[in-house]
Amino acid sequence: AQTVTQSQPEMSVQEAETVTLSCTYDTSESNYYLFWYKQPPSRQMILVIRQEAYKQQNATENRFSVNFQKAAKSFSLKISDSQLGDTAMYFCAFMKHGNKLVFGAGTILRVKS
Amino acid sequence: GAGVSQSPSNKVTEKGKDVELRCDPISGHTALYWYRQRLGQGLEFLIYFQGNSAPDKSGLPSDRFSAERTGESVSTLTIQRTQQEDSAVYLCASSLQSSGANVLTFGAGSRLTVL
């Protein structure tokens, strides 16, 4: 079974600075997808970024980028120029092709002014 | 509809009562998922429906939990003889199954409180 580990229960960052959230996963699959979801206090889950395992290039979405290390089974999220609205719980998630999405335990990110 | 709709948004019940939670997925989405999120914790997979295939029920915690889906439409999660440990937010998500990455769109959740 696939597992996803987020080793940082909580993180803090000053507004406008950069923060990196860690995620590792365990799988024997070669074809899979990785995601970061954000859950603000409203509890609505919002997709931040996704990565296909067969793509070597790291995904980027505006201020959000990932460092995908397939051999190391690592998928960290970098948030640049942090904003107060980035305060949320961030979940790393793994999906085998055509299968269910498995989540990590989450990292609470607090952006301070 | 434009998004995934869940009802009720909040439900308070007494221990031992049965509850039904409803999920309306995005029209055309063939895959539907239920997750449970206890306070301050991650999302725990419960069940996954994909088209006409047999559902993946591997995450259901006990036989008190069951879910149904009518075709590629509405799903109902039923919890019988509720216990206090069932208190959680129940999240539904749907996706357009394709050969690419299956991006899930989540509903706002149903918060269940068992007294």
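On a predicted model such as this, the values are computed, not experimentally measured, just so you know.

**Student:** What is the right way to look at the nonpolar core in this model?
**Tutor:** The nonpolar side chains of a soluble globular protein tend to be buried with one another. Ranked by internal contacts, the top residues of the largest apolar core, which has 26 residues, are Tyr25(A), Trp36(A), Phe75(A), Leu77(A) and Tyr90(A). Listing elements by their share of this core, those giving two or more residues are β3 (19-21), β5 (32-39), β6 (46-52), β8 (64-69), β9 (74-79), β10 (88-96) and β12 (107-112) of chain A. Considering every element that reaches this core, the biggest residue donor is β10(A), with four residues. Ignoring sequence-local partners within four residues, the contact set of Leu77(A) consists of Val19(A), Thr20(A), Leu21(A), Trp36(A), Val48(A), Ile49(A), Phe64(A), Ser65(A), Val66(A) and Tyr90(A). By size, the runner-up hydrophobic cluster in this structure holds 21 residues, among which are Met89(A), Phe91(A), Leu43(B) and Leu91(B).

**Student:** Any chance you could explain the interface of chain B and chain A here in plain terms?
**Tutor:** How big an interface is tends to be stated in terms of accessible area lost as the parts join. Contact residues are listed per partner, giving 28 residues for chain B and 21 residues for chain A. Between the two partners, chain B and chain A, sit one salt bridge. Where chain B packs against chain A, one counts eight residue pairs in polar contact (both at pLDDT 80 or more). For the side of chain B that touches chain A, the secondary-structure elements that each account for two or more residues are β4 (31-37), β5 (43-50), β8 (88-95) and β10 (110-114) of chain B.

**Student:** Mind showing me how you'd approach the state of the cysteines here?
**Tutor:** Formally, a disulfide is one covalent bond, and it connects the sulfur atom of one cysteine to the sulfur atom of another. Residues and elements named next belong to chain A. Summed over the entire model, instances satisfying the criterion amount to two disulfides over all chains. Note on cysteine connectivity: Cys-23 is disulfide-linked to Cys-92, with sulfurs 2.0 Å apart. Disulfide Cys-23-Cys-92: torsion about the S-S bond near -70 degrees, hence left-handed. Placement of the pair is Cys-23 in the loop between β3 and β4 (24-26) and Cys-92 in strand β10, with a sequence separation of 69 residues. The same class applies to Cys-23 as to Cys-92, namely buried.

Rules used throughout
Residues numbered from 1 in each chain as written. Chains lettered and ligands numbered in written order. Predicted model: local features only at pLDDT ≥ 70, side-chain atom pairs only at ≥ 80, totals over all residues. Heavy atoms only, no water. Core = buried A, V, L, I, M, F, W, Y, C linked by side-chain atoms within 4.5 Å. Buried < 20%, exposed > 50% of the residue type's maximum accessible area, 1.4 Å probe, protein only. Helix = DSSP H or I, 4+ residues; strand = E, 2+ residues; numbered from the N terminus. Contact = heavy atoms within 4.5 Å. Salt bridge = Lys/Arg side-chain N within 4 Å of Asp/Glu carboxyl O. Polar contact = N/O pair within 3.5 Å; in protein donor to acceptor, adjacent residues only side chain to side chain. Disulfide = S-S within 2.5 Å.

None of the figures reported here should be taken as evidence of function without further support.
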